[in-house]
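Here's the letter readout for the chains.
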Amino acid sequence: MTGGLKDGESEEYIHSPFIRKQGNIYKPNNKSMDNDSINEKTMQDVHTKEIDLVNRDPKHLNDHVVKVDFEDVIAEPAGTYSFDGVWKASYTTFTVTKYWFYRLLTALVGIPLALIWGIFFAILSFLHIWAVVPCLKSYLIEIHCVSQVYSICVHTFCDPLFEAVGKCFSSVRITTTKVV
């Protein structure tokens, strides 16, 4: 892709940058570039990013939910123990059933729910970008004009009235005496 590489070397890009004759459109000021200066990271598309198959909850969204083990659900207090074989079989049955039933549910319902949640968040994003934010900006522009008029009215009518009432009551002195 670049002229500065030696034989046998290759430079990999997820999406190769579009380079025009007069410069790279992704660089500011659109300055001319040498072939050796294309060592930048290219913009990575969100839809083609790698997913981590080991750490599937990197933001710890479900730390409070999925930590349910056999000991959290079934426990025998001291003095009331079942047979060791029953306890081991119960543990194995619980663990394997939870594991495989979860996998079965995700296989059957996971993809349709992912589709539904994808549509829901797409609609939510669309409404937020194209309806909510423009309405709020429009409201803030309009309310700014109203707030200017309201401020003028308050300062014109209320301030003198409250100042006059304050001056009237400023000379009032109250004294209390205790009569026994």
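Not measured: the values here are computed from a predicted model. (Residues numbered from 1 in each chain as written. Predicted model: local features only at pLDDT ≥ 70, side-chain atom pairs only at ≥ 80, totals over all residues. Heavy atoms only, no water.)

Throughout the structure, instances matching the rule amount to one salt bridge. Of the charged contacts, one joins glutamate 163 and lysine 167 as a salt bridge, the two residues approaching to 4.0 Å between their closest N and O atoms. Of this pair, glutamate 163 and lysine 167 are both found in helix 2 (residues 84–170), four residues apart, which corresponds to roughly one turn of the helix. Note on lysine 167: relative accessible area 59%, which makes it exposed. (Salt bridge = Lys/Arg side-chain N within 4 Å of Asp/Glu carboxyl O. Helix = DSSP H or I, 4+ residues; strand = E, 2+ residues; numbered from the N terminus. Buried < 20%, exposed > 50% of the residue type's maximum accessible area, 1.4 Å probe, protein only.)

In this section: the packing of aromatic side chains. Aromatic rings considered in pairs are described by the distance between their centres and by the relative angle of their planes. All chains considered together, the criterion is met by seven aromatic pairs. Summarising the aromatic geometry, the rings of phenylalanine 120 and phenylalanine 121 are spaced 5.2 Å apart at their centres and angled 75° between planes, so their arrangement reads as edge-to-face. If you follow arginine 103 out to its NZ or CZ, it ends over the ring of tryptophan 100, 5.5 Å from the centre. (Phe/Tyr/Trp six-rings, centres within 6.5 Å; stacked < 30°, edge-to-face > 60°. Lys NZ or Arg CZ within 6 Å of the ring centre and 35° of its normal.)

Another point: a nonpolar patch on the surface. Taken together, the side chains of Phe101, Leu104, Leu105, Leu108, Val109, Leu113, Ile116, Trp117, Phe120, Phe121 and Leu124 present a nonpolar region at the surface, about 1100 Å² in accessible area. Position of valine 109 relative to the elements: it lies in helix 2. With relative accessibility at 37%, the residue valine 109 sits in the partly exposed group. (Patch = residues over 30% accessible without salt bridge, like charges linked within 9 Å, V, L, I, M, F, W, Y side chains within 5 Å. Areas by Shrake-Rupley, 256 points an atom, 1.4 Å probe, with all protein chains shown as cover.)

Worth remembering: the numbers are spatial, not functional.
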